[in-house]
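# Summary of the model geometry
The primary structure of each chain is shown beneath.
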Amino acid sequence: QVQLVESGGGLVQAGGSLRLSCVASGRSFSRYFMGWFRQAPGKEREFVAATTWSGTRTIVDSVKGRFTITSDNAKNTVYLQMNSLKPEDTAVYFCAADPTYGMVVAGTSSYWGQGTQVTVSS
C-alpha cells in the first residue's frame, strides 16, 4: 500500500507561483513512480508531469517552461513548482503513484491522493 497526501494549493493571481507537495508513505514507496494530474471543473482529468527517482521526467506541453517536477528522496516527497500561473491552470491537482512509469503517464496509477485545489484569478 502507498498513501499519498498533497498540499500547497491555494488562491493566486495570474502570473504568480505555487509549489505543490506530495508526501508518500508505505511499504513499497521507493519502488513506485510518481506524477501529477489535474482536473478542472467540467473537464476530464489531465496529465501534468511525472518523474522517476533517478530523474527521468515527462511533462505536458501546455506547462513546459512554467512547471517543474522534482523529488526529495530523504523526505519521501515529490514537488510540482508552478510559475507564471494562468487562469486555465485552475484545477484540483492530484498526486499519483504506480510501479510502472507508463501507467503513471497514462493516468492509470494504482494510487491517488485526495487532491489540492489551485485557483488562479485574472
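So, here is what we can say about the structure in this document.

Turning our attention to the overall build of the protein. Within the protein, the regular secondary structure consists of one helix and 11 strands. Order of helices (α) and strands (β) in the protein, N terminus to C terminus: β-β-β-β-β-β-β-β-β-α-β-β. For 122 residues, the compact-globule estimate of 2.2 N^0.38 gives 14 Å, and the protein sits close to it at 13 Å. Its C-alpha atoms give the protein principal-axis dimensions of about 40 × 30 × 25 Å. A total of 122 residues make up the protein; the buried ones form 43% of that total. Summarising the internal contacts of the protein: among those between residues at least 6 apart in sequence, 59% fall at separations of at least 24.

Position of D98 among the secondary structure elements: in strand β9 (residues 91-98). Salt bridges are absent for the buried D98, whose nearest opposite-charge side chain, R45, sits at 11 Å. At 2.7 Å, the side chain of D98 and the side chain of S110 are in polar contact. Leaving out residues up to four positions away in the same chain, D98 has contacts with Y32, F33, M103, V104, T108, S109 and S110.

Spatially, β1-β3-β8-β7 is the arrangement adopted by the four strands of the open sheet, whose pairing is antiparallel. At either margin of the open sheet sits one strand with a lone partner, and together these are β1 (2-7) and β7 (67-72). The average undirected angle you get between the axes of adjacent strands in this sheet is 20°. Bridging between strand β3 (residues 18-26) and strand β8 (residues 77-82) involves six bridges; their strand directions are antiparallel. Across the sheet, L20 pairs through a bridge with L80, a residue of β8.

Soluble globular proteins tend to bury their nonpolar side chains together. In terms of nonpolar packing, the biggest core is built from 27 residues, with L4, W36, L80, M82 and Y93 touching the most fellow members. If you list the elements that add at least two residues to this core, you get β1, β3, β4 (33-39), β5 (46-51), β7, β8, β9 and β11 (116-121). Listed in part, the six residues of the second largest apolar core include F47, A50, Y101 and V104.

The next point concerns the packing of aromatic side chains. According to the stated counting rule, one finds four aromatic pairs in the structure shown. On the basis of an interplanar angle of 75° and a centroid distance of 5.4 Å, the ring pair of F37 and F47 is categorised as edge-to-face. With a gap of 10 residues between them, F37 in strand β4 and F47 in strand β5 connect regions that are remote in the sequence. With respect to burial, F37 and F47 carry one shared label: buried. Among the aromatic side chains, those forming a connected cluster through ring pairs are F37, F47 and W112. The lysine or arginine in question, R45, covers the ring of F37, its NZ or CZ lying 5.6 Å from the ring centre.

Rules used throughout
- Residues numbered from 1 in each chain as written.
- Predicted model: local features only at pLDDT ≥ 70, side-chain atom pairs only at ≥ 80, totals over all residues.
- Heavy atoms only, no water.
- Helix = DSSP H or I, 4+ residues; strand = E, 2+ residues; numbered from the N terminus.
- Rg over C-alpha atoms; globule rule 2.2 N^0.38 Å.
- Buried < 20%, exposed > 50% of the residue type's maximum accessible area, 1.4 Å probe, protein only.
- Contact = heavy atoms within 4.5 Å.
- Lys, Arg positive; Asp, Glu negative; His and termini not counted.
- Salt bridge = Lys/Arg side-chain N within 4 Å of Asp/Glu carboxyl O.
- Polar contact = N/O pair within 3.5 Å; in protein donor to acceptor, adjacent residues only side chain to side chain.
- Pairing = 2+ DSSP bridges.
- Axes fitted to C-alpha atoms, helices over the stretch in contact; angles between N-to-C directions.
- Core = buried A, V, L, I, M, F, W, Y, C linked by side-chain atoms within 4.5 Å.
- Phe/Tyr/Trp six-rings, centres within 6.5 Å; stacked < 30°, edge-to-face > 60°.
- Lys NZ or Arg CZ within 6 Å of the ring centre and 35° of its normal.

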